[in-house]
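Here are the chains, one letter per residue:
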Amino acid sequence: MEFNSVLLAFVFIAVLLAAGMLLRMRIPFFQKYFIPTSLIAGLIGLLMSKEALGKLGSIIPGAGFLENGVYPEKVYDTMLSIPEVAITIIFASLFLGKKIPGIKKIWKIAGPQVAYGQTVSWGQYVVGILLAIFVLKPVFGLPPVAGALIEIGFEGGPGTAAGMRGTFEALDFSEGASMALGLATVGILTGVITGIIIVNWGIRKGMAKEAKKASELSDRERRGLYPEDEEQSAGELSTRSESIESLTVNFLFIFVAVGAGMLLLKGLLLLENTTWGPAYDIEIIKHVPLFPMALLGGVATQLLYDRFSPYKLIDKKVLARIEGFSLDVLIVASITTLSISAISEHILPFLILAGAGIALNLAAFFFLAKRVLTDHWFERAVLEYGQSMGMTTTGLLLLQIVDPEKETPALNAFGYKQIMFEPIVGGGLFTAASMPLIAQFGPVPVLIGTGILFAGWLSIGLFYFGKKDGNKGAQS
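Residues numbered from 1 in each chain as written. Predicted model: local features only at pLDDT ≥ 70, side-chain atom pairs only at ≥ 80, totals over all residues. Heavy atoms only, no water.

Novice: Whenever I open this one, empty space enclosed by the protein confuses me. Can you help?
Specialist: Think of a ball as big as a water molecule: rolled over the atoms, this probe shows where empty space is left. As enumerated under the stated definition, the model contains 1 cavity of 30 Å³ or more in all. Space inside the largest cavity adds up to approximately 50 Å³. Taken together, Ile188, Val192, Ile331, Ser334, Ile335, Met391, Thr393, Thr394 and Leu397 form the lining of the largest cavity. Elements with a contribution of two residues or more to the lining of the largest cavity: α9 (175–204), α14 (316–336) and α17 (392–402). Residue composition of the lining of the largest cavity, by class: 6 nonpolar, 3 polar and no charged. (1 Å grid on protein atoms, 1.4 Å probe; cavity = no way out; pocket = protein on both sides within 12 Å on 5 of 7 lines; lining within 4 Å. Points joined across faces, edges and corners; volume = space filled by probe spheres on them. Helix = DSSP H or I, 4+ residues; strand = E, 2+ residues; numbered from the N terminus. Nonpolar A, V, L, I, M, F, W, Y, C, P; charged D, E, K, R; others polar.)

Here you go:
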């Protein structure tokens, strides 16, 4: 008898989360350094996967049954698909239950993060292409398109790297797909490790205003529990259960937003297939992920809700619980299925690219963030840092530690920023088009273009937002 692979995958995730929660409640180290249960569970899952336990089983005589780890192949494949579903749910719900402000207000709230995120993304292209011109091509014989690997792997993440495999093959650089996936893997692991270190440093220095130091917490709070006398409400009931459950209504709006995002993505893909796609043999929309479109779908759904619904049907507290569940599941599944064997034989250029990407992101955090981001610069910066290191969920994980109740504007501003960010870079249109553009026009013209954009966004961040707010972020 075979069990449903989706159900079995969630059983494995539940067991991993239970083990992670038990370890966090028992081990003071995890409590002291605010290590999330989902991260502990994901690392346990990774150790039990074919990438770790499976490798050990292949070299130990008589342990061949461990070659695929403890997960059946169908379950492992299901876990690979869970992060895409979970991140789409999170982004579809970001704007639901709140009034959508005008463009001016969006720019005021999210402008500093737009400038910071765009600066880091275009900076990754500038650094990568310079390395391709002066090191990777002349020393290691890699094609110039390798200059896009840092942005594809770090800012784009594993989903983008995997989705662009066909582009790598079409450009006769199939090994680049493995390098991009490897960069994404290293970026995520490094992002989590360095991010936790940065977060704990920020908490000790008092820069994370909404986070509590471990010494300020009760024993129950350190173990991840609320005090016994503190009741927590998951939200209010907006509909009577004999009609329809309130939780069902909130999920209804989330999946309406996802559906709107799907229609938008399909429409853009149809436009591409009938215009520039066949004319110039360039596929861009094909590699755009769904979750930024689901975010736009959420904006459209909320605007229609505000315009036509006289009733309060969406509850932000309920949505927050849905987002929290999705984030926990996403983190466990993402880390469990990390491909630690994705690095190809190009180990030296890989290490050069990885080192350059990590150094750039760390430099941006420590030297640029406080000068560009305004209020609550630390919370905003750790979220941006996590995204720039390979996965949006790394940033969300770090933010969960420093702003657990979402008291700062970091998450809302990040959501607004994604409207001006994801469609272009970080897995968006330019990310998908970057290698074809380098292959068609050469690395120097693309370097000039990305360099101009890098300098432009850097100037906006430093001399518009930084000066406009009296460099408030640097002083806080």
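Novice: Would you explain the pattern of salt bridges in this entry?
Specialist: Working definition: two side chains of opposite charge can pair if their charged atoms are close together. Following the criterion strictly, the structure yields 4 salt bridges and no others. Two residues, lysine 417 and glutamate 384, come together in a salt bridge whose shortest N-O distance is 2.7 Å. One end of the pair, lysine 417, is in helix α18 (residues 410–419); the other, glutamate 384, is in helix α16 (residues 377–388), and 33 residues separate them in sequence. A single burial state applies to lysine 417 and to glutamate 384, both of which are buried. (Salt bridge = Lys/Arg side-chain N within 4 Å of Asp/Glu carboxyl O. Buried < 20%, exposed > 50% of the residue type's maximum accessible area, 1.4 Å probe, protein only.)

Novice: What should I look at first to understand the nonpolar core in this one?
Specialist: The nonpolar side chains of a soluble globular protein tend to be buried, and buried together. By size, the foremost hydrophobic cluster in this structure holds 97 residues, and its most contacted members are Tyr116, Leu149, Phe168, Phe365 and Phe378. It is helix α6 (residues 103–140) that provides the largest number of residues to this core, a total of 13 residues. Beyond its immediate chain neighbours, meaning those up to four positions away, phenylalanine 168 contacts Leu149, Ile152, Ala161, Phe173, Ser174, Gly176, Ala177, Ala180 and Met435. Phe253, Ile254, Ile314 and Val318 belong to the second largest nonpolar core, which has 18 residues in total. (Core = buried A, V, L, I, M, F, W, Y, C linked by side-chain atoms within 4.5 Å. Contact = heavy atoms within 4.5 Å.)

Novice: Explain the confidence of the model for the protein here, please?
Specialist: Regions with low pLDDT carry predicted coordinates that are not meant to be interpreted in detail. When pLDDT is averaged across the protein, the result is 84; 88% of the residues are at 70 or more. Ranking the elements of the protein by mean pLDDT puts helix α21 (residues 472–475) last with 43 and helix α15 (residues 347–372) first with 95. Across residues 470–476 the pLDDT falls below 50, and counting only partners more than four positions away or on other chains, this stretch makes 11 contacts in the model. (pLDDT = per-residue confidence, 0-100.)

Novice: In this structure, what is going on with the packing of α6 against α16? I would like to understand it.
Specialist: Helix packing for two helices is described by the angle between their axes and how far apart those axes are. α16 packs onto α6 with a crossing angle of 30° between their chain directions and a minimal axis gap of 11 Å. Here α6 is positioned roughly parallel relative to α16, judged by the angle of their axes. Note that α6 runs across α16; the crossing there is right-handed. For the pair formed by α6 and α16, the contact residues are Ile109, Gln113, Tyr116, Gly117, Val120 and Gln124 on the first element and Arg380, Glu384 and Ser388 on the second. Each residue belonging to the contact of α6 with α16 can be placed in one class, and the counts come to 3 nonpolar, 4 polar and 2 charged. (Axes fitted to C-alpha atoms, helices over the stretch in contact; angles between N-to-C directions. Parallel < 35°, antiparallel > 145°, perpendicular 65-115°, else oblique. Left-handed = near helix turned anticlockwise from the far one by under 90°.)

Novice: What is the right way to look at unusual backbone geometry in this model?
Specialist: One can expect most non-glycine residues to show negative phi and most peptide bonds to be in trans. Although it is not a glycine, aspartate 172 sits at a positive phi angle of roughly 55°. Along the chain, aspartate 172 falls in the loop between α8 (165–170) and α9. Phi at histidine 376 takes a positive value of approximately 55°, unusual for a residue other than glycine. With respect to the helices and strands, the residue histidine 376 is situated in the loop between α15 and α16. In this structure histidine 376 comes out as partly exposed when scored by relative accessible area, which is 27%.

Novice: Could you clarify how one ought to interpret helix α1 (residues 5–26) in this entry?
Specialist: Note: α-helices contain 3.6 residues per turn, so residues at a spacing of three or four share the same orientation. With 22 residues, α1 should reach 32 Å at 1.5 Å per residue; the first-to-last C-alpha distance of 31 Å fits that figure. Every buried residue of α1 is accounted for by Ala9, Ile13, Leu16, Gly20 and Arg24. Within α1, the buried residues cover an arc of 75° as seen down the axis, which keeps them to one side. Seen from the open side of α1, the exposed residues pointing more than 90 degrees away from its buried face are Leu7, Val15 and Arg26. Its side-chain oxygen 2.9 Å from the backbone nitrogen of valine 6, asparagine 4 forms the N-cap of α1. (Expected span 1.5 Å × (residues − 1). Arc of directions from axis to C-beta. Polar contact = N/O pair within 3.5 Å; in protein donor to acceptor, adjacent residues only side chain to side chain.)

Novice: Looking at this structure, I do not really get a nonpolar patch on the surface. What am I missing?
Specialist: Taken together, the side chains of Val6, Phe10 and Phe325 make up a nonpolar region of the molecular surface, amounting to roughly 270 Å² of accessible area. For valine 6, the position within the fold is in helix α1. (Patch = residues over 30% accessible without salt bridge, like charges linked within 9 Å, V, L, I, M, F, W, Y side chains within 5 Å. Areas by Shrake-Rupley, 256 points an atom, 1.4 Å probe, with all protein chains shown as cover.)

Novice: What should I look at first to understand the packing of aromatic side chains in this one?
Specialist: Two measures describe an aromatic ring pair: the distance that separates the ring centres and the angle between the ring planes. A complete count under the given rule lists 20 aromatic pairs for this structure. Ring geometry for tryptophan 122 versus tyrosine 125: centroids 5.8 Å apart, planes at 35°, classification tilted. With tryptophan 122 and tyrosine 125 both in helix α6, this residue pair falls 3 residues apart, about one helical turn. In this pair, the class of tryptophan 122 matches that of tyrosine 125, namely buried. Over the ring of phenylalanine 308 we find arginine 307, and its NZ or CZ is 5.1 Å from the ring centre. Against the face of phenylalanine 421 rests lysine 417, its NZ or CZ located 3.9 Å from the ring centre. (Phe/Tyr/Trp six-rings, centres within 6.5 Å; stacked < 30°, edge-to-face > 60°. Lys NZ or Arg CZ within 6 Å of the ring centre and 35° of its normal.)

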